[in-house]
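# Observations on chain architecture
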Amino acid sequence: MEALEQIFDTILHNSGHLSPFLVVGILILAGFAGDWVGKFFKLPHVTGNILGGIVIGPTCLGLIGTHEQLHDLQPIATFAMSLVAVSIGGHLSYRRIHNSLRRIISISMFEVTFSVLTVILAGKLFGMDWPTTLLLGGIAASTAPATTIALIRESRAKGPFVKTLISAVALNNILCILIFVMMRTFVSAYFESGETVGKIDDALLLSGYHLLGAVVLGLSMGWMTKVLVSKPKFHDFTTILLAIMLLDGLAAYLTLSPLLVCLFFGVYLGNSSEVAEKQLGTLTPLEPTLYVIFFTLAGVSLHLDALLAVGLVATVYISSRMLGKTLGAAIGGMVGKCSKRMWTNMSFALYPQSGIAIGLVVLLSDDAHVPADIKQAVGAIILAGVTVAEIIGPFATKAALARSGEANRDRQRLVEFLAEEFIIVNLKALDKWDAIRQMVTFLMKTHRVEHITQEELYQSVVAREKEMSTAMGQNIAIPHGHIEKGPAIQGVMAICREGLEFDAPDQAPVKLIMLIITPKDKKDMHLKVLSSLSSMISDGAIRDRLIAAMSPEDAMEVIESKEARDYNYFLE
């Protein structure tokens with residue numbers, strides 16, 4: 001009996017000290033339960049996970065959520081954020097964004113600028129002091145990358161809008177971290193010496209250290225990873241897992257942002273070899289569980305009491321931040337000459353805010369020169385803002401993805417290369433041979449075509465063209481060549497408004513050129529692709545709108561229109 005009493009006493013004694021393994025298990029169960037309940041109300045998965053965390057957290061049941069538990073689980077949250085950063089960095093591939101950089105940069109710059117300025121101005125109008133408003137403004141620019149990626153995958157969204165959104169979020173957070181470092185330096189200098197002007201060089205130096213340090217560390221690890229995964233004796237999963245863990249540890253040791261470091265690591269993988277780029281999906285099996293833990297933990301960490309405590313001040317911050325992001329994204333989209341579909345939906349797709357904002361608050365708490373009351377005020381306001389942004393934000397982002405027309409489009413299609421990054425508008429060429437050469441060069445730049453040189457590929461296309469002209473009449477030509485092996489049929493499209501002599505059967509100049517490269521084991525699919533392309537661009541309305549397109553985005557608006565979708569159908 002004494003043994004049983006001892007066992008019960010031990011259990012009762014440990015009731016308030018749950019094992020980290022048990023805490024993680026509770027988080028996963030709560031996340032799945034919240035998601036299951038959320039489906040009945042058609043909530044985004046992210047929101048369901050967060051609500052599950054709120055229920056088991058200090059706000060409701062209080063099963064978990066002590067400071068010690070949250071501290072013990074911080075490595076998991078950091079790793080999940082790092083994994084998201086690697087994925088986002090991989091999307092900043094030059095092959096994907098080379099002809100959309102103008103709108104991506106324009107949206108990011110305006111959205112960040114407006115977010116910072118509106119929060120600072122609103123704070124001053126409502127009587128906040130300058131140090132607090134500057135710190136809030138620096139944090140306000142951030143957008144939650146994990147929430148954005150999770151919603152895109154949940155919606156199975158794909159297209160120019162999604163590409164722009166992911167790239168804008170990446171640049172957004174780079175700028176946010178740099179701006180916050182500068183703001184914190186100014187505020188810290190003010191309370192340390194009473195002046196800020198003389199500390200501008202220090203602020204720039206610290207921001208430069210955070211940026212250059214992240215670039216050097218991320219790219220260096222990317223290069224080493226590329227070398228290792230190119231050798232068969234190194235296991236891909238283990239190599240990428242170890243690389244991210246080392247980056248997180250080194251970033252903490254060097255006082256760098258793990259998010260920035262891992263983002264540049266992903267940038268290197270996405271822009272180097274085909275083997276390295278494939279590693280971006282190596283840890284995909286871990287992502288669903290990690291995301292559930294991360295978002296449920298975010299729900300546990302949310303402080304609804306903080307929202308009530310700061311009341312009006314939090315409302316000012318939340319409202320001004322959303323206003324800044326709405327106006328900035330819309331104006332940036334118009335300046336970047338985006339389509340109306342793009343800028344109207346982007347204006348409310350950037351509301352979510354979570355991990356990065358909280359991380360910057362933690363960074364601020366370590367600054368000994370900033371008074372405790374200011375750190376507490378900024379922390380309470382940001383926690384309240386994150387609470388609202390993580391509940392409302394996912395609805396807005398999911399609605400933007402649906403309204404953009406790109407939800408449920410991340411599926412295999414008959415012609416996969418009909419994408420914005422594979423389109424040239426206003427091609428200038430001396431003759432059809434020069435046009436083919438330019439298109440082959442463009443294809444080699446935008447696709448992973450290996451095991452063949454650019455000149456060999458050009459000669460393959462020319463040899464086929466000399467056998468018989470690939471001009472079909474009605475201003476259309478579809479030159480094509482073959483390669484020994486490759487992952488899929490690849491191609492590019494060019495619009496030449498001036499027209500080229502192509503020996504067409506109707507003698508009409510060619511203004512639309514589709515270059516197709518087919519692996520020898522894909523010949524059956526080649527015929528289906530040719531049939532689909534010829535049918536689509538033989539449609540007079542579609543053809544005329546494509547020829548009139550002023551940008552690759554305009555051309556994609558035509559290709560994704562209701563009239564054209566039936567030709568390039570989904571294979572699933």
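Being a predicted model, the structure only gives us computed values, none of them experimental.

### Quick look at empty space enclosed by the protein
Inspection of the entire model under this criterion finds two cavities of 30 Å³ or more. As a volume, the largest cavity reaches approximately 70 Å³. Mapped by element, the contributors of at least two residues to the lining of the largest cavity are helix H15 (304–335) and helix H18 (372–403). Looking at the lining of the largest cavity, the element that brings in the most residues is H18, giving five residues. There is about 60 Å³ of room inside the second largest cavity. Along its surface, the second largest cavity is lined by Leu 83, Val 86, Ser 87, Ile 240, Ile 244, Phe 265, Leu 269, Gln 279, Leu 280, Thr 282, Leu 283 and Glu 287. Elements that contribute at least two residues to the lining of the second largest cavity include exactly helix H4 (67–91), helix H11 (236–253) and helix H12 (258–271).

### Some points on the nonpolar core
Formed by 107 residues in total, the largest nonpolar core has its most connected members in Leu 27, Ile 139, Leu 165, Ile 244, Tyr 317 and Ile 382. Examining the composition of this core, we find that 15 residues originate from one element, helix H9 (residues 160–193), more than from any other. Among residues more than four places away in sequence, those in contact with Ile 139 are Cys 176, Phe 180, Tyr 317, Gln 353, Ala 357, Leu 360, Val 361, Val 378 and Ile 382.

### What about the pairing of strand E6 (residues 510–519)?
Within E6, nine of the ten residues are buried, leaving the element largely enclosed by the surrounding structure. Of the pairings in the sheet, the one linking strand E3 (residues 476–477) to E6 comprises two bridges and is parallel in character. What sits directly across from Ile 476, in E6, is Leu 512. In this structure, strand E4 (residues 480–483) lies alongside E6, joined through four bridges in parallel fashion. When the bridges of E6 are listed, His 480 appears paired with Ile 516. Of the strand pairs in this sheet, strand E5 (residues 490–500) and E6 are connected by seven bridges, and their pairing is antiparallel. Among the inter-strand pairings, Gly 491 is bridged to a residue of E6, identified as Ile 516.

### Some remarks on helix H2 (residues 20–40)
For H2, built from 21 residues, the straight-helix expectation of 30 Å at 1.5 Å per residue is met to within 8% by its first-to-last C-alpha distance of 31 Å. Residues of H2 that are buried include every one of Val 23, Val 24, Ile 26, Leu 27, Ala 30, Gly 31, Gly 34, Asp 35 and Gly 38, and no others. Taken down its axis, H2 places every buried residue within 165° of arc, on the same side. Exposed and oriented more than 90 degrees from the buried face of H2 are Phe 21, Leu 29, Trp 36, Lys 39 and Phe 40. The secondary structure elements touched by the buried residues of H2 are helix H3 (45–56), H4 and helix H14 (287–301). Residue Lys 42 follows H2 closely and has a positive phi angle near 55°.

### Concerning a nonpolar patch on the surface
Where nonpolar side chains cluster on the molecular surface, the patch consists of Tyr 209, Leu 242, Leu 246, Leu 250, Tyr 253 and Leu 254 and spans about 590 Å² of accessible area. Examining the composition of the nonpolar patch, we find that four residues originate from one element, H11, more than from any other. Residue position: Leu 250 is located in helix H11.

### Remarks on the confidence of the model for the protein
Per-residue confidence for the protein gives a mean pLDDT of 82; residues scoring 70 or more make up 91%. Here helix H1 (residues 2–14) is the element of the protein with the lowest mean pLDDT, 52, and helix H6 (residues 101–125) is the one with the highest, 92.

### What to know about unusual backbone geometry
With a phi close to 60°, Asn 426 is a non-glycine residue in the positive phi region. Note on placement: Asn 426 falls in the loop between strand E1 (423–424) and helix H19 (432–446). Looking at Asn 426, the relative accessible area reads 36%, which means it is partly exposed. Its identity is not glycine, yet Gln 507 carries a phi of approximately 65°, on the positive side.

### Section: H6
Taking 1.5 Å as the rise per residue, H6 with 25 residues should run 36 Å; its terminal C-alpha atoms sit 36 Å apart, in good agreement. Positive backbone phi, at 85°, marks Gly 127, one or two positions downstream of H6.

### Remarks on the packing of aromatic side chains
In total, this model carries four aromatic pairs according to the counting rule given. Summarising the aromatic geometry, the rings of Trp 36 and Phe 40 are spaced 5.2 Å apart at their centres and angled 90° between planes, so their arrangement reads as edge-to-face. In this pair, Trp 36 and Phe 40 are both assigned in helix H2, four residues apart and thus about one turn of the helix distant. For the pair Trp 36 and Phe 40, one class covers both residues: exposed. Each residue in the set Tyr 291, Phe 294 and Phe 295 is aromatic and connected to the rest through ring pairs, giving one cluster. The cationic tip of Arg 437 hangs over the ring face of Tyr 458; the distance from NZ or CZ to the ring centre is 3.9 Å.

Conventions we followed
Residues numbered from 1 in each chain as written. Predicted model: local features only at pLDDT ≥ 70, side-chain atom pairs only at ≥ 80, totals over all residues. Heavy atoms only, no water. 1 Å grid on protein atoms, 1.4 Å probe; cavity = no way out; pocket = protein on both sides within 12 Å on 5 of 7 lines; lining within 4 Å. Points joined across faces, edges and corners; volume = space filled by probe spheres on them. Helix = DSSP H or I, 4+ residues; strand = E, 2+ residues; numbered from the N terminus. Core = buried A, V, L, I, M, F, W, Y, C linked by side-chain atoms within 4.5 Å. Buried < 20%, exposed > 50% of the residue type's maximum accessible area, 1.4 Å probe, protein only. Contact = heavy atoms within 4.5 Å. Pairing = 2+ DSSP bridges. Expected span 1.5 Å × (residues − 1). Arc of directions from axis to C-beta. Patch = residues over 30% accessible without salt bridge, like charges linked within 9 Å, V, L, I, M, F, W, Y side chains within 5 Å. Areas by Shrake-Rupley, 256 points an atom, 1.4 Å probe, with all protein chains shown as cover. Salt bridge = Lys/Arg side-chain N within 4 Å of Asp/Glu carboxyl O. pLDDT = per-residue confidence, 0-100. Phe/Tyr/Trp six-rings, centres within 6.5 Å; stacked < 30°, edge-to-face > 60°. Lys NZ or Arg CZ within 6 Å of the ring centre and 35° of its normal.

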